[in-house]
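# Fold and contact review
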Amino acid sequence: MKLSEKLAALEQEESREAESTAPEPKAAPAAANVAKRARAAKAKGTSPWDATKRKVRELVLEEVAPKMQGLTAEELAAEVRSALDQILQREDVEVTPLERRRFVQEVMSDTLGYGPLDPLLADESITEVMCNAYDDIWVEREGRVEHTDLSFTDDTQYRAVIDKIVSAVGRRVDEASPMVDARLPDGSRVNAIIPPLALHGAVLTIRKFSKDPYTAKDLINFGTWTLDLVTVMEACVRGKLNILVSGGTGTGKTTNLNVLSAFIPDGERVITIEDSAELQLQQPHVINLETRPPSAEGTGQVSIRDLVKNALRMRPDRIIVGECRAAEALDMLQAMNTGHEGSMTTVHANASRDAISRLETMVLMAGYDLPVRAIREQIASAIDLILQVSRMPDGRRVITAVTEVQGLEGDMILLQDIFKYRSVPGAPGTVSGELVATGLRPKFIDKLNENHVEVPASAFKAPVGAAPGRPAPAGRGRKVRVPSAREVADQERLR
């Protein structure tokens, strides 16, 4: 090599070293996480196990794809397993005999199921699954969020699983429609949002629901309800009071609505209306309706308001709307006021008074220039009871208030708490409390009597040492407790 060439090579090497030691330019805030994730992925690399799984999965899909038409789930699983066995014998796959069983299970899960989500969906202690990226999966267990060490093989598999979930219910997610609500076969709620709306990649959130719907007994065991509250709420549902379940995101509004609906007598025709079907009513005469998003051309959308209007022509005894978010609140209130007593719905609000204000706002969203007093008259006449649900800092879901709507006085809707949650002293670092009756006799007792539904007066009795309408002194009220088997049996026999 000539001297000039050696000098040029040395200069290039020095310049490369200078570039490597120079400080990196500060990344833009929007791209900082992307750059960080890309560096982490580069450092992590793709493991031989993941690379082999990807290779085998692609071969299995190529082998099975021409035969998938018309196969049942059992036949498809048999075809995939047969193709997988043949490929493992034919291809040079470096998997030890001890790892073969696990490898086959993971490839089967990747091909027929939801990949790494399958064990999370099967875990009954997990209530929420949150995928922030293909290699960043979080779960909620017992009210607390924690990170997992599971991940998809790559972003391609991650997006394929999202497409598989949403396409199963006739929906789509792409750049033209980058966010979608869907559900799993077991009723779990699914939300997916992809770029360009999600800046750092696709995000998938799954709200799981119990395979066996929770009952009032379960909520008592969780400390969410008390025995007195079960007695009162069952009477209110059977007495055809209109009930509004209010609470924030993730507080358990749908779960409480499910439990309330279990008190509906079997002889009534019930119509449920939801964005994504989640309610699990056990009565024999239930009609389930679900909204439909617009097509790719922007046509064909069916909203909750459209379904509420249509439900009025289907001879319902009760209408249950999964959640009121907008103008459908007006139609729901009108339905409650026109012979469909005993209807129920939920709304996002932090307190009972806030729930009333939200209803007023949603009615105005219908586009009619109604006076505020007329709206409040509709609300005061339609809603009988508000069940306020909250989530405590330690993850527990509790009923913080049961509030009666007593009517209109002037321009103000009168509210009266029948039950109220009160905090009590606990161990350092812990949160505890109790749900107690305020001792006030609700006005809806007269309506229950007209419908031949009786409620024992003891259910509304305030704890010893508390004046009517005031909370019991800390530590002197009736604690939330799990009833004995005999008490539960007595309640079920009375029911």
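Bear in mind the structure is a predicted one, so any value in this text is a computation, not a measurement.

Thresholds, definitions, all that
Residues numbered from 1 in each chain as written. Predicted model: local features only at pLDDT ≥ 70, side-chain atom pairs only at ≥ 80, totals over all residues. Heavy atoms only, no water. Helix = DSSP H or I, 4+ residues; strand = E, 2+ residues; numbered from the N terminus. Buried < 20%, exposed > 50% of the residue type's maximum accessible area, 1.4 Å probe, protein only. Contact = heavy atoms within 4.5 Å. Areas by Shrake-Rupley, 256 points an atom, 1.4 Å probe, with all protein chains shown as cover. Phe/Tyr/Trp six-rings, centres within 6.5 Å; stacked < 30°, edge-to-face > 60°. Axes fitted to C-alpha atoms, helices over the stretch in contact; angles between N-to-C directions. Parallel < 35°, antiparallel > 145°, perpendicular 65-115°, else oblique. Nonpolar A, V, L, I, M, F, W, Y, C, P; charged D, E, K, R; others polar. Left-handed = near helix turned anticlockwise from the far one by under 90°. Pairing = 2+ DSSP bridges. Core = buried A, V, L, I, M, F, W, Y, C linked by side-chain atoms within 4.5 Å. pLDDT = per-residue confidence, 0-100.

## Some points on the overall build of the protein chain
Secondary structure assignment for the protein chain yields 16 helices and 15 strands. Expressed as a percentage of its 495 residues, the buried residues of the protein chain come to 43%. Counted over contacts in the protein chain with a minimum sequence separation of 6, partners at least 24 positions apart contribute 57%. Summed over all atoms, the accessible surface of the protein chain reaches about 26200 Å², with 52% contributed by carbon and sulfur.

## Section: the side chain of Thr148
Structurally, Thr148 can be placed in the loop between β3 (144–147) and α7 (155–167). The contact partners of Thr148, leaving out residues within four places of it in the chain, are Ile137 and Val139.

## Some thoughts on the packing of aromatic side chains
Here the distance between the centres and the angle between the planes together describe a pair of aromatic rings. Per the stated rule, a full pass over the model turns up 3 aromatic pairs. Their ring planes at 40° and their centres at 5.1 Å tell us that Phe152 and Tyr158 sit as a pair that is tilted. On the accessibility criterion, Tyr158 (0% relative accessible area) is buried. Ring geometry for Tyr214 versus Phe222: centroids 5.2 Å apart, planes at 90°, classification edge-to-face. With a relative accessible area of 36%, Tyr214 lands in the partly exposed category.

## Quick word on the packing of helix α12 (residues 328–337) against helix α13 (residues 352–364)
Two measures define how a pair of helices packs: the angle their axes make with one another and the distance between the axes. Where α12 contacts α13, the two axes come as close as 6 Å, and the packing angle between them is 110°. The angle between α12 and α13 falls in the class roughly perpendicular. In contact with Ala329, Leu330 and Leu333 of α12, α13 contributes Leu359, Met362 and Val363. For the contact of α12 with α13, a count of residues per class yields 6 nonpolar, no polar and no charged.

## Points about the packing of α13 against helix α14 (residues 372–382)
Contact pair α13 / α14: the axes reach a minimum separation of 10 Å and the direction vectors enclose 120°. Of the possible angle classes, the one that applies to α13 and α14 is oblique. Judged by the sense of rotation from one axis to the other, the crossing of α13 with α14 is right-handed. On the side of α13, the interface is formed by Ile356, Leu359, Glu360, Val363 and Leu364, while α14 contributes Val372, Ile375, Arg376 and Ile379.

## Focus: the sheet that holds strand β1 (residues 126–133)
With respect to topology, 6 strands assemble into an open sheet ordered β3-β2-β1-β6-β5-β4, the strand pairing being antiparallel. Strand pairing shows two members of the sheet lacking a second neighbour, β3 and β4 (179–183), which therefore form its edges. Strand-to-strand twist across the sheet, computed as the mean angle between neighbouring axes with direction ignored, equals 15°. Summarising the sheet, strand β5 (residues 189–193) and strand β6 (residues 203–207) pair through 5 bridges and their orientation is antiparallel. In the sheet register, Arg189 faces β6, and the bridge partner there is Arg207. Taken strand by strand, α7 contacts β1, β4, β5 and β6, and its axis lies near 45° from that of β6.

## A few points about the nonpolar core
Counting 45 residues, the largest nonpolar core has Trp225, Met233, Leu260 and Phe444 as its most contacted members. The greatest single-element share of this core, amounting to 8 residues, is contributed by helix α9 (residues 227–238). Contacts of Met233, omitting those with residues within four sequence positions, involve Trp225, Ile243, Leu260, Phe263, Leu385, Leu387 and Val402. Formed by 34 residues, the second largest nonpolar core is a distinct cluster that contains Leu244, Ala311, Val347 and Val363.

## Examining the sheet that holds strand β15 (residues 432–437)
With mixed pairing, the 9 strands of this open sheet are ordered in space as β9-β8-β10-β11-β7-β12-β13-β14-β15. With one partner strand each, in any of the chains shown, β9 (286–290) and β15 form the two edges of the open sheet. Each strand axis lies, on average, 25° off the axis of its neighbour in the sheet, ignoring direction. Pairing geometry for strand β8 (residues 270–274) and β9, over 5 bridges, is parallel. Along β9, the bridge assignment pairs Glu274 with Glu290. Relative to the sheet, helix α11 (residues 304–311) contacts β8, β9 and β10 (318–321), its axis offset from that of β8 by approximately 170°. Set on the sheet, α12 makes contact with β10 and β11 (344–348); between it and β11 the angle comes to about 150°.

## Considerations on unusual backbone geometry
For the bond from Pro195 to Pro196, the omega torsion is 10°, close enough to zero to count as cis. Assignment of secondary structure puts Pro196 in the loop between β5 and β6. Of note, the phi angle at Arg315 is positive, near 50°, even though the residue is not glycine. One can find Arg315 in the loop between α11 and β10.

## Considering the confidence of the model for the protein chain
Scored by pLDDT, the protein chain has a mean of 79; 74% of the residues are at 70 or more. The lowest-confidence element of the protein chain is helix α2 (residues 29–44), averaging 44 in pLDDT; the highest-confidence one is strand β7 (residues 243–247), averaging 94. In the predicted structure, residues 34–45 sits below a pLDDT of 50 and forms 9 contacts with residues beyond four places in sequence or in another chain. Ignoring residues within four places in sequence, the model shows residues 474–482, a span with pLDDT below 50, making 28 contacts including any to other chains.

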